[in-house]
Amino acid sequence: MLLEPGAPVVIEEIVIDPPGPGEVLIRLAASGVCHTDLHVKNMKGMGMSFPILLGHEGAGYVEAVGEGVTTLVPGDPVVIAYRAPCGDCPACLRGDPRRCWMALRAKQRIHRKNGGDLLTQVLRCGTFSTHTVVHHKAAIKMPKEMPLDKACLLACGVVTGVGATLNTAPVWAGARVAVIGCGGVGLSVIQGARIAHAKQIIAVDLSPTKLEWAKKFGATDVVNAAEVDAVAKVRELSGEGVDFAYEAVGLPKCIDQAVRMLAYAGTATHIGLPESNASVTLDLGDMDTGFYWNKAKLCVCHCGDALPSNDFPLLAQLYLQGKLDLDGMVTKTIGLEDVEEAFEMMETGDVIRSVILF
Ligand SMILES: [Zn+2]
Ligand SMILES: [Zn+2]
């Protein structure tokens, strides 16, 4: 947990109230360590109240269910979703839950044993913990044969990247695709494009290591943007630009590049988390690559625009069929006491995912 802004994470004992109506208590088996947890730490809590329980890529077993929960029983293996559509907002009411901006949450039920303060669970999850309480609709049942130390990855990075190619800007068979940024999310975009039968997948990054990873996960071409003009190179490799460009970095420059590397009527998708004061200027009028004359489209993807109850079981199936590589995405398995070290490795960029095993 994070006790105050700027402090390193600490491990403490917690006390958990029983799950309330519609809630479930989960015993965690594994949790991925995602960049967003690091962001929360580096950005002094991102507006959340302290103390904060980090972690939002968790998988485990239902240990107890609250009143009225009929869809889950103790022992069920689940992945925790931080998006569980509310059923009540204008998007849900018109039958479009992928555009829901709310998420069902449990009441705060986790306390510090020392003093009793309630913990704020990151993204309503809080998975850097042996146990957590979430809304039952945020606990997505997994097939029995799905290993939970891999299933946890589905919850954030993988569903975000694959979902961008299946939900936000669906790749068609035979499409030309570019992916800017080849961390955990970018590699998942590459996998999604491969699963959707793209004919060309061009990976762009500054790191030779990440470009090697990209090839392993399905990139057909790689471009090192530290060495060449990425837009010119992608346009050259694809003939006239790509049908889909996904940026998984969050830097304005990368969004601009994604738009300018498109073929006529192509679609760029912005996935990476931007800084709070970020802005981008798009060229509108260039006859070849300008936003207007090139008839470009720009989308934003939040968490793969996922519908977890539908998408998590689908992704688990793709893994079990050997079509989605999760094994290769786990660089390191660690203990709860290694979270600070995992954050440091993330800053240096030599890790796709560290996974905490409980
Ligand atoms: Zn809703
Ligand atoms: Zn995440």
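A brief structural summary. It should be emphasised that the depicted structure is a prediction, and the values quoted were computed from it without experimental measurement.

1. Looking at the overall build of the protein
A count of helices and strands for the protein gives 10 helices and 17 strands. In terms of overall size, the protein behaves like a compact globule, its C-alpha atoms giving a radius of gyration of 20 Å where 358 residues would be expected to give roughly 21 Å. Considered along the principal axes of its C-alpha atoms, the protein spans approximately 65 × 40 × 35 Å. For the protein, with 358 residues in total, the buried portion stands at 55%. Once local pairs closer than 6 in sequence are excluded, the contacts in the protein between residues at least 24 apart make up 70%. Accessible area of the protein: about 15,400 Å², with a carbon and sulfur share of 53%. Separation of charge centres in the protein, based on 32 positive and 40 negative side chains, amounts to 5 Å.

2. Regarding the coordination of the zinc ion (ligand 1)
Surrounding the zinc ion (ligand 1) are the protein donor atoms C86 (SG), C89 (SG), C92 (SG) and C100 (SG), at 2.3 to 2.4 Å. One way to put it: the 4 donor atoms around the zinc ion (ligand 1) meet at angles of 106 to 118°, and that makes the site tetrahedral.

3. Here's the deal with the coordination of the zinc ion (ligand 2)
The protein atoms donating to the zinc ion (ligand 2) are C34 (SG), H56 (NE2) and C156 (SG), with metal-donor distances spanning 2.0 to 2.2 Å. The sequence pattern describing where the donors of the zinc ion (ligand 2) fall on their chain is C-x21-H-x99-C. Note that C34 is positioned in the loop between strand 2 (23-32) and helix 1 (35-42) and C156 in the loop between helix 3 (148-151) and helix 4 (157-168), a separation of 122 residues in sequence. The burial state of C34 is the same as that of C156; both residues are buried.

4. Here we look at the sheet that holds strand 10 (residues 176-180)
Strands sit in the order 12-11-10-13-14-15 across an open sheet of 6 strands; the sheet is parallel. In the strand order of this sheet, the two ends are held by strand 12 (221-224) and strand 15 (297-300), each with one partner. On average, each strand axis in the sheet is tilted by 20° relative to the strand beside it, whichever way the strands run. As judged from the 4 bridges shared by strand 14 (residues 262-270) and strand 15, these two strands associate in the parallel manner. Counterpart to A268 in the pairing with strand 15 is L298. Running over the sheet, helix 8 (residues 252-260) touches strand 10, strand 13 (242-247), strand 14 and strand 15 and is turned about 155° from strand 14.

5. Section: the side chain of H111
Mapped onto the fold, H111 is located in strand 6 (residues 110-112). A polar contact of 3.0 Å, which involves the side chain of H111, links it to the side chain of D17. Excluding residues that lie within four positions of it along the chain, H111 makes contacts with E13, I14, V15, D17, G116, D117, L118 and L119.

6. Comments concerning helix 8
Turning to helix 8, its buried residues are C254, I255, D256, Q257, A258 and V259. Tucked inside the fold, the buried residues of helix 8 contact strand 10, helix 7 (230-238), strand 13, strand 14 and strand 15.

7. Considering the packing of aromatic side chains
Taken as a whole and assessed by the stated rule, the structure comprises 3 aromatic pairs. With centroids separated by 6.3 Å and ring planes inclined at 15°, the aromatic side chains of F244 and Y246 adopt a geometry described as stacked. Just as F244 is buried, Y246 falls in that class too. Here the aromatic rings of Y292 and W293 are separated by 4.8 Å at their centres, their planes lie at 90°, and the arrangement is edge-to-face.

8. What about the pairing of strand 12?
Judged from the 4 bridges that link them, strand 11 (residues 200-205) and strand 12 form a sheet pairing that is parallel. When the sheet's bridge partners are listed, V204 is paired in strand 12 with V223. For the crossover that starts at strand 11, traverses helix 6 (residues 208-217) and ends in the parallel strand 12, the hand is right-handed.

9. Remarks on the pattern of salt bridges
Per the stated rule, a full pass over the model turns up 17 salt bridges. The partner of D96 in a salt bridge is R94, with the nearest N and O atoms 3.9 Å apart. Of the residues examined, D96 reaches a relative accessible area of 18% and is grouped as buried. For K215, the salt bridge identified is with E212, shortest N-O distance 3.1 Å. Pair noted here: K215 and E212 are both in helix 6, with a separation of 3 residues, about one helical turn. Among the charged side chains, a salt-bridge network with shared partners connects R94, D96 and R99.

10. Considering the packing of helix 4 against helix 9 (residues 308-320)
Running from N to C, helix 4 and helix 9 point in directions that differ by 105°, and their axes come no closer than 12 Å. Regarding the angle of helix 4 to helix 9, the classification is roughly perpendicular. When helix 4 is examined against helix 9, the residues V159, V162 and N167 are found in contact with a partner set consisting of D311, F312 and L315. Residues that form the contact of helix 4 with helix 9 fall into these classes: 4 nonpolar, 1 polar and 1 charged.

Definitions and cut-offs
- Residues numbered from 1 in each chain as written.
- Chains lettered and ligands numbered in written order.
- Predicted model: local features only at pLDDT ≥ 70, side-chain atom pairs only at ≥ 80, totals over all residues.
- Heavy atoms only, no water.
- Helix = DSSP H or I, 4+ residues; strand = E, 2+ residues; numbered from the N terminus.
- Rg over C-alpha atoms; globule rule 2.2 N^0.38 Å.
- Buried < 20%, exposed > 50% of the residue type's maximum accessible area, 1.4 Å probe, protein only.
- Contact = heavy atoms within 4.5 Å.
- Areas by Shrake-Rupley, 256 points an atom, 1.4 Å probe, with all protein chains shown as cover.
- Lys, Arg positive; Asp, Glu negative; His and termini not counted.
- Charge placed at Lys NZ, Arg CZ, Asp CG, Glu CD.
- Donors = N, O, S within 2.8 Å, 3.2 Å for Na, K, Ca; no water.
- Tetrahedral: all angles 85-135°; square planar, octahedral: opposite > 155°, others 65-115°.
- Pairing = 2+ DSSP bridges.
- Axes fitted to C-alpha atoms, helices over the stretch in contact; angles between N-to-C directions.
- Polar contact = N/O pair within 3.5 Å; in protein donor to acceptor, adjacent residues only side chain to side chain.
- Phe/Tyr/Trp six-rings, centres within 6.5 Å; stacked < 30°, edge-to-face > 60°.
- Right-handed = clockwise from strand over helix to strand, strands pointing away.
- Salt bridge = Lys/Arg side-chain N within 4 Å of Asp/Glu carboxyl O.
- Parallel < 35°, antiparallel > 145°, perpendicular 65-115°, else oblique.
- Nonpolar A, V, L, I, M, F, W, Y, C, P; charged D, E, K, R; others polar.

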